[in-house]
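Architecture and fold: a report
Here is what each chain is made of, one letter per residue.
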Amino acid sequence: MDGAQRIPVLKVGRVLVVPIQVDMDDQMVISLQERILSELERTGARGVLIDITLLEMIDSFIGRMLSDIAAMARVMDARTVVVGMRPAVAITLVELGLELRGVETVLNVDEGIRLLRDELDGHDDEDEATLLGELNLFGESFNRA
Amino acid sequence: MESRSIALEHEPDIVVARNEVRRLARALGFSPTDQTRLATVASELARNVVKYAGHGRLIAQPITDSDGRTGLRLIFEDTGPGIYDLAAAMRDGFSTGGGLGKGLPGSRRLVHEFQIESSPERGTRVSVVRWT
């Protein structure tokens, strides 16, 4: 079985939520990237929220995946927010010289949802109210976990 | 604590290497940030072995200096084709493999000691040390 299938790509309203909770080898990284992009295309999602709270390390390979996802999502008119980077991971990233270009990072899922809600606020869409409700629920359950 | 040798032949070995290095670093009393630095270095340099040489190994050696300070030495060795232009490979942004060119210069910034030898005859050997 493809290991990356173990990483869920959840559609919540018009946002793809990707909680990374396993240690990924390179093949999983590549296949996760492909899945996120194909889900973006399939669903027309406007945002990607990647939760890396459980990632113990970001090396240049994973860092590049995050930058590439953000760049490709942008071309598809979607915004990418990475949440939950551990301080040790952030320090190491900077020392390694990785910039995560184009990736917005926030402290936790709550902040990420707030950011993506702002992004969606301007849209005249009947699903909007439902979406914000769902996202808030998701944030609450996530923060409890 | 004893040295550990880890075969580096396939992509999943990169994950094994970084997890084993983190485990050792934790057992040696390195701070969480240092554990992350060492795991990241292991991931970068193990990937170089798997990607450019195809096979090699990582030797992880707990060490102590004359003042009794604990350290961890990581040796990555392979018998691959060697690095053609070592000086260029140590510069940020230089890559022959389509990567970001952060592996070697970035790893050097994460450790206290960094040595690299490479030749077409003998392959490549990278030795790094971080002290607690």
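All of the points below concern the structure found in this document. (Residues numbered from 1 in each chain as written. Chains lettered and ligands numbered in written order. Predicted model: local features only at pLDDT ≥ 70, side-chain atom pairs only at ≥ 80, totals over all residues. Heavy atoms only, no water.)

1. Side note on the overall build of chain B
As a reminder, the rule being used: A run of H or I in DSSP counts as a helix once it spans at least four residues, and a run of E counts as a strand once it spans at least two, with each numbered from the N terminus. Exposure categories follow from relative accessible area, calculated using a 1.4 Å probe and restricted to protein chains: below 20% of the type maximum is buried, above 50% is exposed, and the middle band is partly exposed. Working rule for contacts: check all heavy atoms of both residues, and any pair within 4.5 Å makes them a contact. Accessible surface area values rest on a Shrake-Rupley calculation with a 1.4 Å probe, where residue burial reflects the displayed protein chains alone.
On a plain count of helices and strands, chain B comes out with four helices and five strands. Traced from its N-terminal end to its C-terminal end, chain B shows the element sequence β-α-α-β-β-α-α-β-β. Per-residue burial for chain B yields a buried fraction of 51% across its 132 residues. Of the contacts formed within chain B by residues at least 6 apart in sequence, a portion of 60% connects residues at least 24 apart. Accessible area for chain B stands at about 6300 Å²; split by element, carbon and sulfur atoms hold 47% of it.

2. Quick word on the overall build of chain A
A tally of regular secondary structure across chain A gives five helices and five strands. Put simply, chain A runs from its N terminus to its C terminus through helices and strands in the order β-β-α-β-α-β-α-β-α-α. Considering chain A as a whole, with its 145 residues, one finds that 52% of them fall into the buried category. Long-range contacts, defined here as pairs at least 24 residues apart, represent 73% of the contacts in chain A between residues at least 6 apart. Accessible surface computed for chain A: about 6900 Å², of which carbon and sulfur atoms make up 50%.

3. Re the interface of chain B and chain A
For an interface, size is often stated in terms of accessible area lost upon the parts coming together. Formally: Here the quantity called buried area is the accessible surface, traced with a 1.4 Å probe, that two parts lose on coming together, added over both. For this analysis, a salt bridge means a side-chain nitrogen from Lys or Arg found within 4 Å of a carboxyl oxygen belonging to Asp or Glu. Each polar contact in these results corresponds to two N or O atoms within 3.5 Å; when the atoms are within protein, one needs to be able to donate a hydrogen and the other to accept it, and residues that are neighboring in sequence are counted only if both atoms are side-chain atoms.
Each side of the interface is counted separately: chain B has 24 residues, and chain A has 20 residues. Between chain B and chain A, the buried area comes to about 2000 Å², and carbon and sulfur atoms account for 49% of it. At the boundary of chain B with chain A, the tally comes to six salt bridges. Among the ionic pairs, Arg22 of chain B bridges to Glu56 of chain A, the shortest N-O distance being 3.4 Å. Here chain B and chain A share twelve residue pairs in polar contact (both at pLDDT 80 or more) between them.

4. Description of the sheet that holds strand β1 (residues 4-8) of chain B
Residue and element names in this part refer to chain B. Basically, it comes down to this: The pairing criterion for strands is at least two bridges between them, as found by DSSP. Helix axes use the C-alpha atoms of the stretch in contact, all axes being lines fitted to C-alpha atoms, and the angles between their N-to-C directions lie in the range 0 to 180 degrees.
Reading across the sheet, the five strands line up as β1-β2-β3-β5-β4 and stay open at both edges, with antiparallel pairing between neighbours. Two strands close off the open sheet at either side, each with one partner strand: β1 and β4 (113-119). Taken pair by pair, the neighbouring strands of this sheet meet at an average axis angle of 15°, ignoring direction. Pairing analysis gives seven bridges linking β4 to strand β5 (residues 123-131), with the strands arranged antiparallel. If you follow Ser119 over to β5, its bridge partner there is Gly123. Its contacts with the sheet put helix α2 (residues 32-53) on β1, β2 (56-64), β3 (70-78) and β5, and the angle it makes with β3 is roughly 10°.

5. Regarding the environment of Thr43 of chain A
Residues and elements named next belong to chain A. Mapped onto the elements, Thr43 comes out in helix α1 (residues 26-43). Measuring from C-alpha to C-alpha, the distance between Thr43 and Arg14 comes to 7.8 Å, with 29 residues separating the pair along the chain. If we ignore the near neighbours within four places in the chain, the residues touching Thr43 are Lys11 and Leu16. At a separation of 2.6 Å, a polar atom in the side chain of Thr43 contacts the main-chain carbonyl oxygen of Glu39.

6. Observations regarding α2 of chain B
Residue and element names in this part refer to chain B. Inclusion rule: Helix span is expected to be 1.5 Å times the residue number reduced by one.
A rise of 1.5 Å per residue sets the reference length of α2, with its 22 residues, at 32 Å; its end C-alpha atoms lie 31 Å apart and thus fit the reference within 8%. Most of α2 sits out of view: 17 of its 22 residues are buried. Looking one or two residues beyond α2, the residue adopting positive phi is Gly54, at roughly 90°.

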